[in-house]
Amino acid sequence: MDSKKLMNFSLTVGEVMLKNGAETYRVEDTINRILKTSNYKGIESFVTPTGIFATLEDEDRDHMTFIRRVNNRDINLYRIELANAISRDYCNRSITLNDAYDSILKAAHVPTYSKGFIVISVGLAAGLFAIVLGGSVYDAFVTFVAGLVLGLFQVTMQHLGVSKFFIDIIGSFMTSWVALFFIHALDFGTSLDLIIISSIMPLVPGVAITNAVRDTIHGDLVSGASRILDAFIIAASIAAGVGIALSIFNSIYGGILL
Amino acid sequence: MMIQVFAAYFVTIFFAIIFKTSKNQLLISGFVGAVGWWGYLMVIHYDYSIVTGSFIGAFLVSLLANLFSKIRKSPVTIFQIPGIIPLVPGMGMYKTLYAVIEEDYNLVAKQLFETLQIAGSIAVAMMLIFSLSTLIEQHISKKA
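Worth saying up front: this structure is predicted, and the values here are computed from it rather than measured. (Residues numbered from 1 in each chain as written. Chains lettered and ligands numbered in written order. Predicted model: local features only at pLDDT ≥ 70, side-chain atom pairs only at ≥ 80, totals over all residues.)

## Concerning the packing of helix α1 (residues 2–18) of chain B against helix α2 (residues 26–45) of chain B
Residues and elements named next belong to chain B. It is the contact of α1 with α2, at a shortest axis distance of 7 Å, that shows an interaxial angle of 140°. With respect to α2, the element α1 is oriented oblique. Our pair here, α1 against α2, has a crossing hand that is right-handed. Within the contact between the two elements, α1 uses Q4, V5, A8, Y9, F10, V11, T12, I13, A16 and I17 and α2 uses L26, S29, G30, F31, V32, G33, A34, W37, W38 and L41. The residue inventory of the contact of α1 with α2, partitioned by class, reads 15 nonpolar, five polar and no charged. (Axes fitted to C-alpha atoms, helices over the stretch in contact; angles between N-to-C directions. Helix = DSSP H or I, 4+ residues; strand = E, 2+ residues; numbered from the N terminus. Parallel < 35°, antiparallel > 145°, perpendicular 65-115°, else oblique. Left-handed = near helix turned anticlockwise from the far one by under 90°. Contact = placed C-beta atoms within 7 Å. Nonpolar A, V, L, I, M, F, W, Y, C, P; charged D, E, K, R; others polar.)

## Looking at helix α1 (residues 3–19) of chain A
Residues and elements named next belong to chain A. In a regular helix each residue adds 1.5 Å, so 17 residues correspond to 24 Å; α1 covers 24 Å between its end C-alpha atoms and thus fits that length. Burial runs high along α1: 13 of the 17 residues are buried. Count one or two residues on from α1 and you reach G21, which has phi positive near 100°. (Expected span 1.5 Å × (residues − 1). Buried ≥ 20, exposed ≤ 12 C-beta atoms within 10 Å, placed from the backbone.)

## Brief notes about the pairing of strand β3 (residues 64–69) of chain A
All names here are of chain A. For β3, the tally of buried residues reaches only zero of six residues, placing the bulk of the element at the surface. Bridging between strand β2 (residues 51–57) and β3 involves six bridges; their strand directions are antiparallel. Each residue of the ladder has a partner; that of G51, found in β3, is R69. Linking β2 back to β3 in an antiparallel pair, the connection comprises six residues. (Pairing = 2+ DSSP bridges.)

## Quick look at the interface of chain B and chain A
Often the size quoted for an interface is simply the accessible area lost on bringing the parts together. If you look at the interface, chain B gives 35 residues, while chain A gives 42 residues. Residue assignment for the side of chain B that touches chain A shows that the elements contributing at least two residues are α1, α4 (77–84), α5 (90–102) and α6 (105–143) of chain B. Per element, the largest residue contribution to the side of chain B that touches chain A is 10 residues, and it comes from α1 of chain B. Here the side of chain B that touches chain A is built from residues that sort into 27 nonpolar, seven polar and one charged.

## A closer look at the domain arrangement of chain A
Residues and elements named next belong to chain A. Once the domains are mapped, chain A shows domain 1 (3–107) and domain 2 (115–253). Placing the centre of domain 1 and that of domain 2 at their C-alpha centroids yields a distance of 34 Å. Opposite the seven residues of domain 1 that make contact, domain 2 presents 10 residues. (Domains from an automatic or database assignment.)

Following this line, the structure appears as structure tokens:
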């Protein structure tokens, strides 16, 4: 068996999973399972949210250690699912290494939903969230509009490759401004805080929090800590965006918001 | 209340789309989220605190996510991440921020602490289910 190719395959699977929001221990587990199909005795892998290290060792052969740096993390659960299925098929020996390698390269760029559909989903997710929190239909409508604005901004900026930090600040600023506009200029909608909360929900670091907890429980403290930092920075930038919008409004129109 | 649960179903589905879950998993993700939110609302309805509600909600979400991941042979995260979203303490985060702007630091401390409690209870619920599922898995693999 070509162990270099196997190593490359395992790291690519790991990279696809890590880039798209899988938990650290799952990535390590997957890499180990793939590497176990080799005839090397020692297998180690070490994964952090920003890089993957894996090594194969044996007494009478040279060690082999590969490092893969991971940038640009995003969330794409479909690709995680695909990578999971490919590695399972490979470990069951139902596909060959070459086929598996080809399909993981394909899975890394597999298209999912169209951009327009994502924008509408962000709008609807935010709008319906107002209902979930017990808001009226008017609140839901305002939130839907704010969500559409946010979705459009998010998708465009992601396309341009702007940092997530910037998207979160400006995005939450824009949604708050839309909410303030509807409530105070058009006198439409009832609860300002409910509208703002619902419309920033698509930005909230749910994935970072979930993965931080899962990694920490599993003893991957480095990953857990860095994901908690990630979640904290996202939360802080959302808060900054909303805070700036409210303060500007306050200083122009003076006091009383709710 | 049923309207809220129904809305939670669709909210979870749209969040699952934002997180790019594949089409054939969407309906299940929605179900997981709706049951979690139903559990949360029931607990609140019987006059228990938001913290308890979030715990029960996250517990149900994690339980179902683990169950469905076994049935559908796909990673737990696919169901858990969208499902947990309605429970994330966005309200607490906003209220904390608002108190900061109002410069009412007693309120800041109160809100911040409550938000952390909610986040903590969600984390504990996830940990419990995670540990349980690992135990059960080990039990099954020993038998096999």
